[in-house]
Each structure stands twice: as C-alpha cells, then as structure tokens.
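Observations on the three-dimensional arrangement
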Amino acid sequence: MLAEPVLPDAAFSGPLQSAITYEKIPTHIYADAKAASRAVAHEIAALIRQKQKEKKPCILGLATGSSPKTVYAELIRMHREEGLSFHNVVSFNLDEYFPMEPDSLQSYWRFMREQLFDHVDIPAGNYYVPDGTLRADKVAEFAKHYDQQIAEAGGLDFQLLGIGGNGHIGFNEPGSLINSHTRLMMLDHSTRAAASVDFGGLSRTPRKAITMGIASILGAKRVVLLAWGERKAPVIQGAVEGTVTETNPASYLQTHPNALFVIDTAAASELTRMKAPWLVDSVVWDNPMKKKAVTYLSLTLEKPILKLTDRDYNDNGVSDLLAQYGQAYDINIDVFNQLQHTITGWPGGKPNADDTNRPERALPTHKRVLLFSPHPDDDIISMGGTFQRLVDQGHEVHVGYQTSGNIAVADDEALRFADYVVDFNTRFGIKSPEATRIFQDAATSLRNKKDSEMDTDEVRQVKGLIRMGEAKSTCRFVGIPVEHAHFMNLPFYETGKVEKKPLSEEDIKITMDLIEKIKPHQIYAAGDLADPHGTHKVCLDAVLEAVKRLSHKNFMKDCWVWLYRGAWAEWDIHEIEMAVPMSPDQVTKKRLGIFKHQSQKDGVVYQGTDSREFWQRAEERNRATAGLYNRLGLAEYEAMEAFVRWKG
Ligand code: F6R
C-alpha cells in the first residue's frame, strides 16, 4: 500500500468526495518528489515480496528519465538495508532511443544499469530494454517479439511511467493510438528539445525511439505515473481532468481500471482542487483563499475586480465567501486594495514615506542587498528591473553568483576564448607556462572532443571564466562595483554533467559565509520549483538552510528574504507580495543587460523545450504579469517583476 499522500484524492476517496468531481484518474499529491517516490517504491517492494511468497516472478515495466530516479534510489536503499531481493524480478523497459549503442552515455540500457540493476540482485538476463542497435528493417520483428515476451511472462504486474511535457508515455507521442503496440516512433520536436540537454544539442539528438505501445502499457495490471515540478502541471491537468484524447496520450490512462498518478504539489498546481479548491469542497475562507478566489473569479469572468457583482459570486461557486464577508462590494474593495499595495517602484523601501501599506520597510534608508543568482545570468533575467532600481535608489547591492554555469557554454565559444588567450600570450610574449598550458590543453581537448564526451577540468575552467566575465559585464552595466560580484562556485554544480551532486555542507557553508560577510537587510533568491531536480531548487535550498542556521544572529533579525522566479514560470497572482513595475525604457535597458551574456544568446546549449531566447522569455513574462494586474482592474504598466516574501 502507498503511504498517505498530503492531499486526499478529490474524486475517489475521503472528505473531498464532492458533488462536482473533476478528476478522472486517482491522483495522490505529495509535498515533494522524495516522499512520493518512497511511497511508490514501497508499493513496488510489497508487490515483489508478495510474488516471492507465491513463488512467482514479478513482472515490472520500467521507465527512465528524471522522474523515476528517486524511486530507484529508494528501491536500492531497501535492497541494501532491508534485504529486499530482486531475484524473482523480470523487467521490461518502456523504450530506447534509435539508433543507440547500449554503452552510450544517453542509452536507456546504461541508465537502467546505473540507476538500478547494478545495485540490486536482479539476475542478469532478467531485464530487457528495447535494442537500439538493430538494423531499421529488423525493428518491426523485434517489436513484435518484445510484446510476445511480455505476454509469455504473464503480462506486466506493474508499469511505472513518467510523462512528457506533451503528454507522451513511453515514447508514445501525441497522435499515438490506443491500440498501438511496441514500435518505432518518430520523436516530437518538444521531446527532442527536452532530450537535447543530454545529447549536447538538438542536432545530436536522435529522431526516433523504439517504444512500447499504448496497448502494451494499458495491458499492465497496475499503472503508476510519476510527475514532478510545475512544468508538468498543464499536461497533468489535461490527462486527469480533460477528455481522453490522442493529443495527450497520458489521458488514455483514464480507461485503465487500476491506474494511479503520484505527483508533487508543483505538478498538481493546475488541478482544479489546487487552483479553485472551493469548487471541489468547502474551504476555510482565510485571507489568502479570499484573494485567490477573487482574482480567479475576475480573470475567468474577464471582469475587473471592482466590477464583480453578488451574482458573479453566487453563480460561480463562491457564495460561501459572500456569506462570510457580506456583499461583493466590500470583498472587491478589500482585495483590490491588497493588490494595489503590492505595487511599488521602491523595492528597497521608500525613504521618508509611511510604509504601513508598502511591501518593504522605509528604514534603513540605504540597505545592504544580497541578490543570489543561481546561474550567472539569473539576476538580470529574472529581476533586472528591480536590480537596477535598487542600485539607482542608492542601496549597496551585492550579487552572489551561486554556480559557475560552466556546462552551458558551447564548445566553439570556449575554443574561441582559449585560442584568444593563447594568441594573446604569443603576440605579447607573455610567458606564463601554467596559464598557457591550461588554455592550450583546453583548446586541444575542445578540438578533439567527441559528441557527448565530458569536458575536461581545463575546459570547464575556461567555460566558467567566460560566464564570470559576462556576469561582471552585467554588474558594470547596472552600476555596481565588480567587488560586489561574489563568485561562489558552489561545489554541488561541478560535475561537468547535467546531473548535479546533492547539496552538501560545503555549499551551505559558502552561502552562510557570504551572508555573514554582507549582513544584508534584503536577500533576493530564486524561488523556482519548476524543476525539482534542477540547479535553481538546490540553490534555493542552500540559501534557505543558510538563513535558517543564521537566524539567531542579530543582523538576521533585520533581514527580509524575497523570492523571485527564474526563467520559466511566474508566481500566481494571488501570491505576489511585491510587484515592481517597469517603463518601456526600463524594459529595453534590462534587455541590454541580458545581452551581456553572449554565450547564452543565439543557439544556446540548454535551450530546453522553449525556443525563445532568455530576454524574450523574461520580457513576455514581465509583460504578462503587468497584463494580469491590468485585467484585474489595476493600473496599466508596461511590465512588472514579481516577488514573494519568505518568512521561514
Ligand atoms: C522514459 C520515457 C518517457 C519519460 C518522459 C518524462 O522511459 O518513456 O516517457 O518518462 O519523457 O521524462 P522525465 O522524467 O525526464 O521528465
């Protein structure tokens, strides 16, 4: 059995059983991926043990990707510490890129060995991964045989799934039919773009994969799908609450009698029970819930807050709010004022002004500000307008660049710089044997580097320096002394790979040391939850842990922590506690500040699924935030940056 999720299923159990049900697949929501994965691993372990008692094999369908890693880690732990044996496990993996050599860095065969099989006692020969080395004309025959092997083993007892941003399960891309079996599939552009991170660019990413079909997956006796992070939220909402459609293949799981979605709160954020919980069950109408409901009502009815009527409240499931607070007029004014008070052109506080209704304190007039930037460009991308205002308004602004960002520099860019230094030294007769060696080694290694080979130490140094130079250039542009740029080079990041090390004591210590040195009145940090395995989340964990450990210090009593969002998503409108407007000219200036990061412009290494450049993403998002305020009936600004205060 799964351990208790933090939120009960809306449609299928417990107190949220309601007249209006939206969810068509049982869905368990957990506080985080770790707790959720533990629960799933325990279900798998119980099944394996049950089958052992019955002296039967346990037939598992397994997935790769980032989502199941934490499940596999927990299974390994149970094997080591609790004697969970895999001797009776037979497993079939969902998919493999095509073509693909099994020992390639990106092969799913290798992934499974590294993440699970090499660490447990599953007998060699008991696990199957589609064969990416076949000749194309042999794949159909192989695929048929793969399905037959599963059938002969007695069918899958349990199928573990992740979900693509486009709804794919396995590599069944949108358009896959419900009766599809194992086959060769052309990968969607968005799937390839997401995978390109592992392949070092889109052009090196395979176009095809062999995947189990939808029918093969639906044939499993039990199916559990995992999803972590905000980026999965829209597709999860569609699969769970939408109609069954080939455009979102995960929605086919609505037809399975024993499917379960296990997701974290970020991936659940678009579900009705999260977005508009009053539509699903009775809620406690505290102030945050009131703000959430009124902004939701205003935006869905496309009516400014001050124009909402009693009837709007009654007809749209918010009559309880009226019952509690009286008439629409009073509620509207209250929420409108609250939103109005979040807007400020004085992010460091307005000197000599009454600050009762302002997001920041007026005093001290000149604050020390420490802005944490996970990568060398997040400061300017995510809060460039606010950064500039803080500097212009006379605050002492420091930036803590948390990681080197070295893996995101393209090889040819690094080669250009390495060549430059070698040529520079030669031209001016500069004899620094060590420096020349480093740059020469880097240049040689870059020239000979094979696809998907890891960078050498020297190359990483060169790439890190490039990003450091760009960050310094932004600091000069915004107007802070270069000594106020602190390059923290947190060790968790330095793997040379997309996959990072877990947060360590050393990372926390470096962060604490910088906070102690600056003794800031304000800390800004990236409060990103979009990618729970990503750099931003680890950087946030480091800051919050450091702040917690320093909380007994006197200077910390006077320190406020503000969270901004990274390049992907914005805070929900009802959560925003400070919104800093920008004029059209300020937007243009911010864009020029982002341009200082030349290595991240035009065909970047880690483009992800979003084909827009970073400055475009930032501008569109900041304009969208201003647009929301405008639609709610507040003043119309060109763009806005938004913050939430973290209170521990
Ligand atoms: C992997 C697979 C894919 C992934 C999906 C999500 O075997 O078949 O469907 O589950 O692309 O990937 P992550 O978990 O990396 O977000």
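Going by what an unreviewed UniProt entry lists, the chain is known as Glucosamine-6-phosphate deaminase and is assigned to Fibrella forsythiae.

What follows is about the overall build of the chain. Regarding its fold elements, the chain presents 20 helices and 17 strands. Computed over its C-alpha atoms, the radius of gyration of the chain comes to 27 Å, within 12% of the 26 Å expected for a compact globule of 648 residues. The C-alpha extent of the chain, read off along each of the three principal axes, is 80 × 80 × 45 Å. By residue count, 54% of the 648 residues in the chain fall in the buried class.

Let's shift gears to the nonpolar core. Tyr313, Phe372, Ile515, Ile523 and Tyr629 are the most contacted members of the largest nonpolar core, which totals 59 residues. Of all the elements, helix α18 (residues 535–550) adds the most residues to this core, at eight residues. Looking at which domains feed residues into this core, each of domain 2 (276–340) and domain 3 (368–409 + 460–646) gives three or more. If sequence neighbours within four positions are ignored, Tyr629 has contacts with Leu339, Thr342, Ile343, Ile573, Ile576, Ala579, Leu634 and Met640. By size, the runner-up hydrophobic cluster in this structure holds 43 residues, among which are Leu60, Val89, Phe117 and Phe199.

Okay, the site of the ligand next. With respect to spatial proximity, 13 residues lie near the ligand, and among them Ser67, Asp95, His168, Gly170 and Lys232 are the closest. Ser66 is positioned such that a nitrogen or oxygen atom in its backbone is 2.7 Å from an oxygen atom of the ligand. Note that an oxygen atom of the ligand is positioned 2.6 Å from one of the backbone N or O atoms of Gly170.

Turning our attention to the environment of Thr474. When you line up the elements, Thr474 lands in helix α16 (residues 457–478). In the structure, Thr474 is positioned 94 residues away from Ile380 in sequence and 7.6 Å away in space, judged by C-alpha atoms. Residue contacts for Thr474: discarding those within four places in its chain leaves Ile380, Gly593, Lys596 and His597.

This paragraph deals with the pattern of salt bridges. A full pass over the atoms with the stated rule returns 44 salt bridges. Note that Asp419 and Arg447 form a salt bridge whose closest N and O atoms lie 2.9 Å from each other. Here the residue Asp419 occupies a position in helix α14 (residues 411–427), and Arg447 occupies one in helix α15 (residues 433–448), the gap between them amounting to 28 residues. The exposure class assigned to Asp419 is partly exposed, which follows from its relative accessible area of 26%. Across the pair Arg591 and Glu619 runs a salt bridge whose closest N-O atoms are separated by 2.7 Å. Note that Arg591 is positioned in helix α19 (residues 584–595) and Glu619 in helix α20 (residues 614–631), a separation of 28 residues in sequence. Since its relative accessible area comes to 25%, Arg591 is described here as partly exposed. Classification of Glu619 as buried rests on a relative accessible area of 8%. Via salt bridges that share partners, Glu74, Arg77, Glu81 and Glu82 belong to a single interconnected network.

This paragraph deals with the packing of aromatic side chains. Taken as a whole and assessed by the stated rule, the structure comprises 19 aromatic pairs. Taken together, a centroid distance of 5.1 Å and an interplanar angle of 90 degrees make the contact between Tyr97 and Phe199 edge-to-face. Taken as a pair, Tyr97 in strand β4 (residues 95–98) and Phe199 in helix α5 (residues 189–199) lie far apart in primary sequence, 102 residues in all. Accessibility expressed as a relative area gives 6% for Phe199, which makes it buried. Ring centres of Trp560 and Trp562 lie 6.4 Å apart, and the angle between their planes is 50 degrees; on these two criteria the pair is classed as tilted.

This brings us to the UniProt feature "domain: Glucosamine/galactosamine-6-phosphate isomerase" (unreviewed entry) in the chain. UniProt feature "domain: Glucosamine/galactosamine-6-phosphate isomerase" (unreviewed entry): in the numbering of this structure it lies at residues 32–256. Structurally, residues 32–256 is divided into 36% helix and 15% strand, and its ends, taken at the C-alpha atoms, are 26 Å apart.

Burial within strand β12 (residues 396–401) is extensive, with five of its six residues counted as buried. Since strand β11 (residues 368–373) and β12 lie parallel, the crossover through helix α13 (residues 378–392) that links them has a hand, and here it is right-handed. Sheet analysis places β12 next to strand β13 (residues 485–487), joined by three bridges and oriented parallel. The partner of Val399 across the bridge, within β13, is Ala485.

Reading guide: rules and limits
Just so you know, the residues in each chain are numbered from 1, in the order the chain's sequence is written. The model is predicted, so local features are restricted to residues of pLDDT at least 70 and side-chain atom pairs to those at 80 or more, both for listing and for counting; the totals for chains, interfaces and linings are taken over all residues. With hydrogens and water excluded, all non-hydrogen atoms of the structure serve as input to the side-chain values. Where helices and strands are cited, they refer to DSSP runs of H or I of at least four residues and of E of at least two residues respectively, numbered from the N terminus. Note on method: radius of gyration uses C-alpha positions; expected globular size equals 2.2 Å times residues raised to 0.38. Summary of the burial criterion: residues with accessible area below 20% of their type's maximum are buried, those above 50% are exposed, and those between are partly exposed, where the area comes from a 1.4 Å probe applied to protein chains only. In this description, a nonpolar core means a group of buried Ala, Val, Leu, Ile, Met, Phe, Trp, Tyr and Cys residues linked to one another through side-chain atoms lying within 4.5 Å. For the domains described, the bounds stem from an automatic or database domain assignment. Contact between two residues is taken to exist if any of their heavy atoms lie within 4.5 Å; hydrogens are not considered. A cutoff of 4 Å decides nearness: a residue is near a molecule or strand if any of its heavy atoms lies inside that distance of it. Whenever a nitrogen or oxygen atom comes within 3.5 Å of another N or O atom, the pair is scored as a polar contact, on the condition that within protein one atom can donate a hydrogen and the other can accept it, and that pairs from neighbouring residues in sequence are kept only if both atoms are in side chains. Each reported salt bridge corresponds to a side-chain nitrogen of Lys or Arg within 4 Å of a carboxyl oxygen of Asp or Glu. In this analysis, rings of Phe, Tyr and Trp, with Trp reduced to its six-membered ring, are considered paired at centre separations within 6.5 Å, and the interplanar angle assigns stacked below 30 degrees, edge-to-face beyond 60, and tilted for intermediate values. UniProt positions are given in the numbering used here, feature names are shortened, and annotations may be inferred rather than shown by experiment. Every crossover in which the path from the first strand over the helix to the second runs clockwise, viewed with the strands pointing away from the viewer, is termed right-handed. Paired strands, in this sense, are two strands between which DSSP finds at least two bridges.

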